[in-house]
Amino acid sequence: MKYTAKDIAQILDLSVMTADAVVIEQLLTDSRKLVFPAQTLFFALPGPRRDGHEFIESLYDQGVRCFVVNQQMDLLKWKTYCSGAVFFEVANCLTALQKIAAHHRSHFNIPVIGITGSNGKTVVKEWLYQLLSNSYHIVRSPRSYNSQIGVPLSVWKMNATHELAIFEAGISTTHEMEQIAPVIKPTIGVLTHMGHAHAEGFTGMSQKIQEKLRLFETVDTLIYGKDLLNEGVDIEADASMFNRPITFYSWSRKAPATIVITSEINTRNFTELHLLHAGQTHLIQLPFTDKASIDNAMLCMLTLLALGKDVSFIANGIKQLTPVDMRMQLKKGMNGCAFINDSYNLDFDSFVVAGFYLQAQAAGRDSSIVVSDFTETGEASQNLYAKVAKHAATLGIKRFIGIGGQIKKNQSVIQKEFLGTSTQLYFFDSTLSFLQQFRLQDFSNEIILLKGARVFEFERIAKWLEQKMHETVLEINLTALAHNVKQIQHTIGASTKLMAVVKAFSYGNGSAEIARTLAAVKTDYLAVAYVDEGVELRRAGIHLPIMVMSPDEAGFDAMVAFGLEPEIYSFEIYEAFASFLNVQGLEAYGIHIKINTGMNRLGFEPADATVLAQKLVSDKRMVVKSVMSHLVASDAQAHDAFTREQLEVFEQVCSSLETQIRYSFIKHIANSHAVQRHPAATLDMVRVGIGLYGTSANASNGFRKVASLKTTIAQIRQVPAGASVGYERAAIMEKATRIATVRIGYADGYDRRFSNGVGKMYIKGVLCPVVGLVCMDMTMIDVTDVKDISINDEVEIFGEHIAVETLANWSGMNRYEMMSGINARVKRIYIEE
């Protein structure tokens, strides 16, 4: 459906606009994700650190002409600048977005499945799509768009071709569901597992369940698992809240229900479920063995029953379910390339999201898109592929490769959108023909996006592109990193800046990829140890201000050439840099002053402040951007008094400097621990390093683990009692023991201090101790207690089940050693959820 400006005004109860010629098809809340400017309505939503109103002029310059703005803002500047633009002035921009989406939803009389719960929402939604996409033309929430903003953007995608809608809704506190329930207005409700995730905003589980159930006030059918609720909770007994007749579909392992699981038999890759339904027993094979997957599959079966599907249809579909990978993976490829493997789904919305991610990761490098036919869209193919090509053309890509009969058939439509660009266009009938005809060496030093429907098996292309390395990987979750940054930003407040320390290869996580994510979430500054680290970031297209913490004279040329800002910590380095600037004829170059308040490593003494100020006043070559110091023990309660002394000395020095040089500067002393333990130390900016990576993440502090180090099993053997394992016969078996040799050693960064049972690795729910000495490339572990273990099974070194902090405690190292010591030969895989 298309709406005019007049239509939007009427929905929002505003005075009738005259701009009937303006047609709105796209709703936008993130200025970075603009696709079709002339058809876009932008909502200037406020954020914790940035306000959407700041981007109005930039969007106007790109062609946007319709804006929803807060009526309390002074709009004169924008109305003057944005000639011919339409401004919808409202009390709350988010409420306006939800109101427009709710109006749009009211035009459709199709089954709408609304899914909520604590865990499993996205998996259930995607599995329902897998099970039903051949029976219905479906619209669904992209990825996990289940928030106050994501829900209306999802519902807006409904159009006349759709026969079924599946939307998920997530809330974190009371009264949120009442805002988005009218937007979804489901006819079928699915309640997933109710756990303690996101429980901080509720007084208890009972209130949380009641708030979630508000989504289902319009449903005719409600689907849930009796085993997924707290004991004592009975939804059917308290159905009065629905104010209408409801048909309940439930499952359980013990209680009476629509479907009862009478037995579960786990094999290596499958679970055989014996189910009792309507007095008959049925056998269902599920290609998963974990409890969460079984629980989610049961909800899917009930939903299919509610839609009238028979048991044979359900059994056939459940047997073919595939894992839901909600993450875009950025991997190292051959010939200096990297590639984004996004096989989560393929529709236009997810293509747009992946395209923007490609653009952000490329950051000036060449980039290519490999995309397959879009299946089961219900949209006229010429219109669809014109949209796809139009978006791709805006990304400035080097190469567009289309695979499949439909996309090849529409190549003339695609070529039209690329007119005037230098993009190379290629079309192939199938994935096989692409692999046979396209040369791997034609990809060189670029970023490649793989975006294919499952039937095209793009994993074959990924395997073809992937750099051949040994099977130990460091998996870095960029979404978790962004979450942690926002957590820190929320803690310090909008008025305090954030400097992210990305020295030492971002503590082993990979500099450029980490820096791009930090830039995307509005980090204010980056800090590196040495000039060459800053140069690498600039060459990777990172434009944030970068402070160099250990500059030296040999690097001054490169530092200035790449716009890096030195930390000046002594009169010797001050004079050397001043002399260099004088020779270059440069003035007012930005620097950062380091004050020694107790670390006794680098920095001017507090007593040097007057002489330093005099030099700065008389010498115009340098301008102080910030003054900083380094806390010694902000993590240790025993030294809190010393931390306060450091802060007091630092503030006195800063006050003295400001008075003497007669201008203000940014002040920063707080590190990762100080952000959490010493709020008085946050000042103008905080300097956070390892705290970004969630190495101490737990349920109570709100941080997420970013990095997971994993390897695989190379060999398994039974070692008899009395036999030795490894070098120097360091381990003699007291009893018959099953030993697995895994593909990681001290050359990868797994220290020899983990030898002889000090270290443990996680496999299938079991912590397996190291046996004997850690070798250069291999380590042996005791897997006697692990069931169903095989060669190439995954082994976790640290990650979800073993914290970096735990590893450090075992070995006597600290977290910094552990993270930064991971060798560059270990493949880094970057994940975007």
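This section reports on the structure supplied with the text. Because the structure is predicted, anything quoted here is derived from the model rather than measured.

**Topic: the overall build of the chain**
And step 1. When helices and strands are counted, the chain shows 27 helices and 39 strands.
And step 2. In terms of overall dimensions, the chain is globule-like: its C-alpha atoms have a radius of gyration of 29 Å, near the 28 Å expected for 833 residues.
And step 3. With the principal axes as the frame, the chain shows a C-alpha extent of 90 × 90 × 60 Å.
And step 4. Of all 833 residues assigned to the chain, the portion counted as buried reaches 54%.
And step 5. Entry remark: accessible area of the chain is about 35,000 Å², with carbon and sulfur atoms responsible for 49%.

**Quick word on the environment of Arg-140**
And step 1. With respect to the element layout, Arg-140 can be found in strand β8 (residues 138-140).
And step 2. A distance of 3.1 Å separates the side chain of Arg-140 from the side chain of Glu-126, its partner in a polar contact.

**Considering the environment of Cys-66**
And step 1. The residue Cys-66 is located in strand β5 (residues 66-70) in this model.
And step 2. Taking relative accessible area as the criterion, Cys-66 reaches 1% and is therefore assigned buried.
And step 3. For the pair Cys-66 and Phe-43, spaced 23 residues apart in sequence, the C-alpha separation works out to 8.9 Å.
And step 4. Once residues within four sequence positions are removed from consideration, Cys-66 is found in contact with Val-22, Ile-24, Thr-40, Leu-41, Phe-42, Val-86 and Phe-88.

**Considering the sheet that holds strand β3 (residues 26-28)**
And step 1. With parallel pairing, the four strands of this open sheet are ordered in space as β3-β4-β5-β6. Only two strands of the sheet have a single neighbouring strand rather than two, namely β3 and β6 (86-90). Strand-to-strand twist of the sheet, defined as the mean angle between neighbouring strand axes without regard to direction, takes the value 20°.
And step 2. Pairing between β5 and β6: five bridges, direction parallel. When the sheet's bridge partners are listed, Phe-67 is paired in β6 with Phe-87.
And step 3. On top of the sheet, helix α4 (residues 93-105) reaches β3, β4 (40-43), β5 and β6; it is set at about 140° to β4, its chief contact.

**Let's talk about the pattern of salt bridges**
And step 1. Applying the stated rule across the entire model yields 33 salt bridges.
And step 2. One salt bridge connects Lys-99 with Asp-13, and the closest N-O pair in it is separated by 2.7 Å. Taken as a pair, Lys-99 in helix α4 and Asp-13 in the loop between α1 (5-11) and β2 (23-24) lie far apart in primary sequence, 86 residues in all.
And step 3. With relative accessibility at 35%, the residue Lys-99 sits in the partly exposed group.
And step 4. Classification of Asp-13 as exposed rests on a relative accessible area of 61%.
And step 5. Of the charged contacts, one joins Glu-575 and Lys-615 as a salt bridge, the two residues approaching to 2.6 Å between their closest N and O atoms. Residue Glu-575 is located in helix α22 (residues 571-584), and its partner Lys-615 is located in helix α23 (residues 609-618); the two are separated by 40 residues in the primary sequence.
And step 6. In this structure, a network of salt bridges that share partners links the residues Asp-227, Arg-253, Glu-264, Lys-291 and Asp-295.

**Some points on the nonpolar core**
And step 1. If you look at the biggest cluster of nonpolar residues, it comprises 150 residues, and the most contacted ones within it are Ile-369, Phe-400, Leu-526 and Phe-577.
And step 2. Ranked by residue count, the leading element in this core is helix α11 (residues 348-362), at nine residues.
And step 3. Setting aside chain neighbours within four positions, we find Ile-369 in contact with Phe-351, Leu-358, Ala-392, Leu-395, Ile-397, Arg-399, Phe-400, Ile-401 and Leu-449.
And step 4. By size, the runner-up hydrophobic cluster in this structure holds 40 residues, among which are Trp-127, Leu-286, Leu-307 and Ile-318.

**Quick look at the packing of aromatic side chains**
And step 1. The full count for this structure, using the stated rule, is 24 aromatic pairs.
And step 2. Taking the centre distance of 6.4 Å and the plane angle of 55° together, the rings of Phe-400 and Phe-427 count as tilted. Remark: Phe-427 occurs in strand β20 (residues 424-428) and Phe-400 occurs in strand β19 (residues 399-403); sequence separation between them is 27 residues.
And step 3. The structure contains a cluster of three or more aromatic residues connected by ring pairs, namely Tyr-426, Phe-428, Phe-434, Phe-438, Phe-443 and Trp-464.
And step 4. Over the ring of Phe-313 we find Lys-309; its NZ or CZ atom is 4.8 Å from the centre of that ring.
And step 5. In this structure, Lys-387 packs its charged tip against the face of Phe-348, placed 4.5 Å from the ring centre.

Rules behind the numbers
- Residues numbered from 1 in each chain as written.
- Predicted model: local features only at pLDDT ≥ 70, side-chain atom pairs only at ≥ 80, totals over all residues.
- Heavy atoms only, no water.
- Helix = DSSP H or I, 4+ residues; strand = E, 2+ residues; numbered from the N terminus.
- Rg over C-alpha atoms; globule rule 2.2 N^0.38 Å.
- Buried < 20%, exposed > 50% of the residue type's maximum accessible area, 1.4 Å probe, protein only.
- Areas by Shrake-Rupley, 256 points an atom, 1.4 Å probe, with all protein chains shown as cover.
- Polar contact = N/O pair within 3.5 Å; in protein donor to acceptor, adjacent residues only side chain to side chain.
- Contact = heavy atoms within 4.5 Å.
- Pairing = 2+ DSSP bridges.
- Axes fitted to C-alpha atoms, helices over the stretch in contact; angles between N-to-C directions.
- Salt bridge = Lys/Arg side-chain N within 4 Å of Asp/Glu carboxyl O.
- Core = buried A, V, L, I, M, F, W, Y, C linked by side-chain atoms within 4.5 Å.
- Phe/Tyr/Trp six-rings, centres within 6.5 Å; stacked < 30°, edge-to-face > 60°.
- Lys NZ or Arg CZ within 6 Å of the ring centre and 35° of its normal.

Taken by themselves, the reported measurements are silent on function.
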